[in-house]
Amino acid sequence: MTVSKALLLALALAVATPTWAAGPTTVAARGAAKKKAKKKAKKKAKKKARKKARKKARKKAKRQKGPITVPVDLGIGPAVNFLTGPVQDDGLHYGLKSSLAAVISRELIQQNLGRVPKDYREMAKKTHEVRYRPGVLAVIPDTLYLSPKLERTQMYGANWGLIGLGTGFGEGLRFSLGARLNLMYAYIGSDDDALGTTHFLRPGLSLEAEVEIPLAESFLVSFGWCSYFYPPQEVGGPIFGWGDLDESIWHIGQAFLKLHFRFPYTVTL
């Protein structure tokens, strides 16, 4: 081989070497690019899946808009009232006890989760039952006092439950506790000159315990006790006066029995 041919061969090898050296680098770059593209595609797929899930949830919520049927519970029955103070010596006073509320069961909540705001859905999933009484129903008294004169004293009036809260325990047989702000007016007239006539008008606080027994799907029976506490008003005294406890009406204890009737009511949400 001549020197010139050797130089040409060396030159050819020198030119070819970068191509051979670049081989492994190109493969690594392609692998990295492929991995990056795969990661990007996976991220895009996840984003698309989330978007699809949101769209599906919106469609579900949209489908759930419209009429919904809720059981409404109407309870009514006799009540016996005991007035702490000077009037208590004249015995018991009678009346009617009532309640009205929409009963939202766990099944109804689960079927309509799409209607519940997102922030409250986890709480709704854990709820067994909700009893809702719209504020507009505050105009309906929860107690009517209808007690004619059996001995010396008569009592007529009403108590309105303004706002309250409570909780219940048990399925089927149910025990509940509640507290409520109230407003009461009653005319109390007596033949006893020492008692005279009282126009009792007071805001107050009540504490109530009740046991509810289901006899059928749409018929229940309940009984319980409620204590009403009021700022003391002197018997025979003015409405805006403040009396001593032993001369005033400041507490009414009430035992009651209610029959409950449930009927469906459809509302549009």
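Residues numbered from 1 in each chain as written. Predicted model: local features only at pLDDT ≥ 70, side-chain atom pairs only at ≥ 80, totals over all residues. Heavy atoms only, no water.

Help me understand the packing of aromatic side chains, please; the structure alone is not making it clear to me.
Tallying each qualifying case throughout the model produces 3 aromatic pairs. Ring geometry for Phe 219 against Phe 261: centres 5.5 Å apart, planes inclined by 45°, an arrangement best described as tilted. You can see Phe 219 sitting in strand E8 (residues 219-234) and its partner Phe 261 sitting in strand E9 (residues 248-268), a full 42 residues away along the chain. Classification of Phe 261 as partly exposed rests on a relative accessible area of 38%. Ring geometry for Tyr 228 and Tyr 230: centres 6.4 Å apart, planes at 5°, overall stacked. (Phe/Tyr/Trp six-rings, centres within 6.5 Å; stacked < 30°, edge-to-face > 60°. Helix = DSSP H or I, 4+ residues; strand = E, 2+ residues; numbered from the N terminus. Buried < 20%, exposed > 50% of the residue type's maximum accessible area, 1.4 Å probe, protein only.)

Explanation requested: the pairing of strand E6 (residues 174-190) in the structure shown.
Put simply, side chains in a regular strand alternate between the two faces of the sheet. Pairing of strand E5 (residues 153-169) with E6 involves 16 bridges; the strand directions are antiparallel. The partner of Gly 166 across the bridge, within E6, is Gly 178. Linking two consecutive strands that pair antiparallel, namely E5 and E6, is a turn of 4 residues; a positive phi of about 95° is found at Gly 170 within it. Strand direction decides the pairing type here: E6 and strand E7 (residues 197-216), joined by 16 bridges, are antiparallel. Considered in E7, the bridge of Arg 174 is made with Glu 212. A loop of 6 residues connects E6 with E7, the two strands running antiparallel in sequence, and Gly 196 in this loop sits at a positive phi of about 65°. (Pairing = 2+ DSSP bridges.)

Please clarify how the layout of surface pockets should be interpreted in this entry.
In this approach a probe as big as a water molecule rolls over the atoms, and the regions it shows empty are the leftover space. Here the largest pocket defines a volume of roughly 1200 Å³. If you go around the largest pocket, you meet 46 residues; those closest to its centre are Ala 101, Arg 131, Arg 133, Gly 166 and Arg 180. Only strand E1 (67-84), strand E2 (93-105), strand E3 (129-132), E5, E6, E7 and E9 provide two or more residues apiece to the lining of the largest pocket. Ranked by residues supplied to the lining of the largest pocket, first place goes to E5 with 9 residues. In terms of residue class, the lining of the largest pocket is built from 19 nonpolar, 15 polar and 12 charged. (1 Å grid on protein atoms, 1.4 Å probe; cavity = no way out; pocket = protein on both sides within 12 Å on 5 of 7 lines; lining within 4 Å. Points joined across faces, edges and corners; volume = space filled by probe spheres on them. Nonpolar A, V, L, I, M, F, W, Y, C, P; charged D, E, K, R; others polar.)

Explain a positive patch on the surface here, please?
Residues Lys 34, Lys 35, Lys 38, Lys 39, Lys 42, Lys 43, Lys 46, Lys 47, Arg 50 and Lys 51 make up a contiguous surface patch of positive charge. Within the secondary structure, Lys 46 is located in helix H1 (residues 3-64). Classification of Lys 46 by relative accessible area gives partly exposed; the value is 49%. (Patch = residues over 30% accessible without salt bridge, like charges linked within 9 Å, V, L, I, M, F, W, Y side chains within 5 Å. Areas by Shrake-Rupley, 256 points an atom, 1.4 Å probe, with all protein chains shown as cover. Salt bridge = Lys/Arg side-chain N within 4 Å of Asp/Glu carboxyl O. Lys, Arg positive; Asp, Glu negative; His and termini not counted. Charge placed at Lys NZ, Arg CZ, Asp CG, Glu CD.)

Just checking my understanding: could you explain the environment of Thr 143 for this structure?
Mapped onto the fold, Thr 143 is located in strand E4 (residues 143-147). Sequence spacing of Thr 143 and Gly 161 is 18 residues, and the spatial spacing of their C-alpha atoms is 8.8 Å. Not counting residues within four places of it along the chain, the set of residues in contact with Thr 143 comprises Leu 96, Lys 97, Gly 157, Ala 158, Asn 159, Tyr 228 and Gln 254. A distance of 3.5 Å separates polar atoms of two side chains, one belonging to Thr 143 and the other to Asp 142. In terms of polar contacts, Thr 143 uses its side chain to reach the side chain of Gln 254, at 3.2 Å. (Contact = heavy atoms within 4.5 Å. Polar contact = N/O pair within 3.5 Å; in protein donor to acceptor, adjacent residues only side chain to side chain.)

Sorry, what's going on with a negative patch on the surface here?
Where like charges cluster on the molecular surface, the negative patch consists of Glu 234, Asp 244, Asp 246 and Glu 247. Its place among the elements puts Glu 234 in strand E8.

Any chance you could explain the side chain of Asp 90 here in plain terms?
Within the element layout of this structure, Asp 90 appears in the loop between E1 and E2. In this structure Asp 90 comes out as buried when scored by relative accessible area, which is 5%. A polar atom in the side chain of Asp 90 sits 2.5 Å from the side chain of Arg 152. Contacts of Asp 90, omitting those with residues within four sequence positions, involve Glu 151, Arg 152, Thr 153, Ser 190 and Leu 195.

Explain a nonpolar patch on the surface here, please?
Taken together, the side chains of Leu 162, Ile 163, Leu 181, Leu 183, Tyr 185, Leu 201, Leu 205, Leu 207 and Phe 229 define a hydrophobic patch exposed on the protein surface, amounting to about 760 Å² of accessible area. Mapped by element, the contributors of at least two residues to the nonpolar patch are E5, E6 and E7. Residue Leu 207 is classed as partly exposed on the basis of its relative accessible area of 44%.

Which parts of the structure should I look at to understand the pattern of salt bridges?
When charged atoms on two side chains of opposite charge get close, those side chains can pair. Across all of its chains, the model carries 10 salt bridges by this definition. Via salt bridges that share partners, Asp 73, Arg 131, Glu 212 and Arg 262 belong to a single interconnected network.

I tried to follow the nonpolar core on my own but got confused; where do I start?
One broad trend across soluble globular proteins is that nonpolar side chains are buried collectively. Within the largest apolar cluster, 17 residues are counted, with the highest numbers of intra-cluster contacts made by Leu 83, Met 155, Met 184, Ile 188, Ile 249 and Ile 252. Secondary-structure elements contributing two or more residues to this core are E1, E6, E8 and E9. What Ile 252 contacts, discounting residues up to four positions off in sequence, is Asn 81, Phe 82, Leu 83, Tyr 145, Met 155, Met 184, Cys 226, Ser 227, Tyr 228 and Tyr 230. (Core = buried A, V, L, I, M, F, W, Y, C linked by side-chain atoms within 4.5 Å.)

Everything listed here is a matter of geometry and, on its own, says nothing about what the molecule does.
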